[in-house]
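These are the residues of each chain, in order.
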Amino acid sequence: MKKHIPNIITLANLSSGIIGILFAFEGNLVYAAMAIWIATLFDFFDGFFARLLKVTSAVGKELDSLADLVSFGVLPGTILYQMIDGSINDPITLLPFLLTVFSALRLAKFNVDTRQSDSFIGLPTPAAAFFVSGLPFWLAQNPDWFNQPVVITIGLILSLLLVAPIHLLALKFKNYSIKDNWQRFLLLIISLILIIILQAKALPLIISLYILISILLPKPEQQ
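For the structure given in this document, a descriptive report is provided here. All values derive from a computational prediction rather than experimental measurement. (Residues numbered from 1 in each chain as written. Predicted model: local features only at pLDDT ≥ 70, side-chain atom pairs only at ≥ 80, totals over all residues. Heavy atoms only, no water.)

## A closer look at the overall build of the chain
Helix and strand content of the chain: 8 helices and 2 strands. Overall, the chain shows an N-to-C arrangement of helices and strands of α-α-α-α-β-α-α-β-α-α. With 223 residues in all, the chain has 47% of them scored as buried. Long-range pairs, those at least 24 residues apart, make up 73% of the contacts in the chain between residues at least 6 apart in sequence. Of the roughly 12100 Å² of accessible surface on the chain, a fraction of 70% belongs to carbon and sulfur atoms. (Helix = DSSP H or I, 4+ residues; strand = E, 2+ residues; numbered from the N terminus. Buried < 20%, exposed > 50% of the residue type's maximum accessible area, 1.4 Å probe, protein only. Contact = heavy atoms within 4.5 Å. Areas by Shrake-Rupley, 256 points an atom, 1.4 Å probe, with all protein chains shown as cover.)

## A short note on the layout of surface pockets
Of the voids in this model, the largest pocket is the one considered here, and its volume is about 2000 Å³. Those elements giving two or more residues to the lining of the largest pocket turn out to be helix 1 (5–25), helix 2 (29–53), helix 3 (58–83), helix 4 (98–112), helix 5 (125–141), helix 7 (178–198) and helix 8 (203–216). Broken down by element, the lining of the largest pocket gets its largest block of residues, 9 residues, from helix 2. Considered class by class, the residues forming the lining of the largest pocket number 24 nonpolar, 15 polar and 10 charged. (1 Å grid on protein atoms, 1.4 Å probe; cavity = no way out; pocket = protein on both sides within 12 Å on 5 of 7 lines; lining within 4 Å. Points joined across faces, edges and corners; volume = space filled by probe spheres on them. Nonpolar A, V, L, I, M, F, W, Y, C, P; charged D, E, K, R; others polar.)

## Looking at the side chain of T93
In this structure, T93 sits in the loop between helix 3 and helix 4. Side-chain polar atoms of T93 contact the backbone nitrogen of S87, separated by 3.0 Å. (Polar contact = N/O pair within 3.5 Å; in protein donor to acceptor, adjacent residues only side chain to side chain.)

## Side note on the environment of E26
Along the chain, E26 turns up in the loop between helix 1 and helix 2. With a relative accessible area of 65%, E26 lands in the exposed category. On a C-alpha basis, the gap between E26 and N13 in space is 20 Å, while along the polypeptide they are 13 residues apart.

## Comments concerning unusual backbone geometry
Note on backbone geometry: most residues besides glycine have negative phi, and most peptide bonds are trans. In this structure, D85 is a non-glycine residue whose phi angle is positive, near 50°. Looking at the secondary structure, you find D85 in the loop between helix 3 and helix 4. What makes D85 exposed here is its relative accessible area of 66%. Residue Q199 is not a glycine yet carries a positive backbone phi of 55°. Examined against the element boundaries, Q199 turns out to sit in the loop between helix 7 and helix 8.

## Let's talk about the packing of helix 5 against helix 6 (residues 148–163)
Two elements in contact, helix 5 and helix 6, have axes whose closest approach is 10 Å; the angle formed by their N-to-C orientations is 165°. Comparing the axis directions of helix 5 and helix 6 gives the class roughly antiparallel. When you trace helix 5 past helix 6, the crossing you get is right-handed. Between helix 5, through T125, A128, F131, V132 and L135, and helix 6, the contact on the second element is made entirely by I154, L158 and L162. (Axes fitted to C-alpha atoms, helices over the stretch in contact; angles between N-to-C directions. Parallel < 35°, antiparallel > 145°, perpendicular 65-115°, else oblique. Left-handed = near helix turned anticlockwise from the far one by under 90°.)

## Observations concerning the packing of aromatic side chains
Overall, the coordinates contain 11 aromatic pairs when judged by the stated rule. Seen in terms of ring centroids, F44 and F48 are 6.0 Å apart; in terms of plane orientation they differ by 20°. Their pairing is stacked. Of this pair, F44 and F48 both sit in helix 2, 4 residues apart, roughly one helical turn. Taken together, a centroid distance of 6.3 Å and an interplanar angle of 40° make the contact between F45 and F49 tilted. (Phe/Tyr/Trp six-rings, centres within 6.5 Å; stacked < 30°, edge-to-face > 60°.)

## A word on the nonpolar core
Core analysis: the largest hydrophobic core is formed by 42 residues, its most contacted members being I79, M83, L123, F146 and Y210. No other element matches the 8 residues that helix 5 contributes to this core. Sequence-distant contacts of F146, defined by excluding residues within four places in its chain, comprise M83, L135, W138, L139, V151 and I154. (Core = buried A, V, L, I, M, F, W, Y, C linked by side-chain atoms within 4.5 Å.)

Now the structure itself:
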């Protein structure tokens, strides 16, 4: 039974993404955003329990990527699409789904790239999804900020960052030395402050800060 536990949690991730998509199409973008957060918890715990129970499988790895594509690719694309009242009759409004397409490419590349153990090459799909998940909270208070060009531009930039050949920081602590991890501690401290002040609206700012700090770092092989 225990070998199935991680896969069951992965399916919970997938289910969260599906429910979030339904919320998005019903116009409830805040609940759709929350579904991304819930999916992220399940995404963390499937790997946690796989390591804890010492059970891994090729099926589990593939299932994890498929679940991530729905929760961190299709769902964020749907949120952006709904933010501009997209329509199949207006091809321009379908551009937010490029985020879904590039998320699939990002996940496929990650699965076969052995260089991404200590850092990421390109923006991780959960990070892009977290950026998008904060936008509905800004939209509720500042609807005039998010016209069609702005939302499409956000989607295009995130899509390109997913596959960009840039090294980004992985939040994995090999030790807790401030000297070795000052960038990670800086990111965590500022993120905590932003969350206290802005709550969910902090997420796009935190992801932007994450990208900025990562770009300012030397490449992994230089550390």
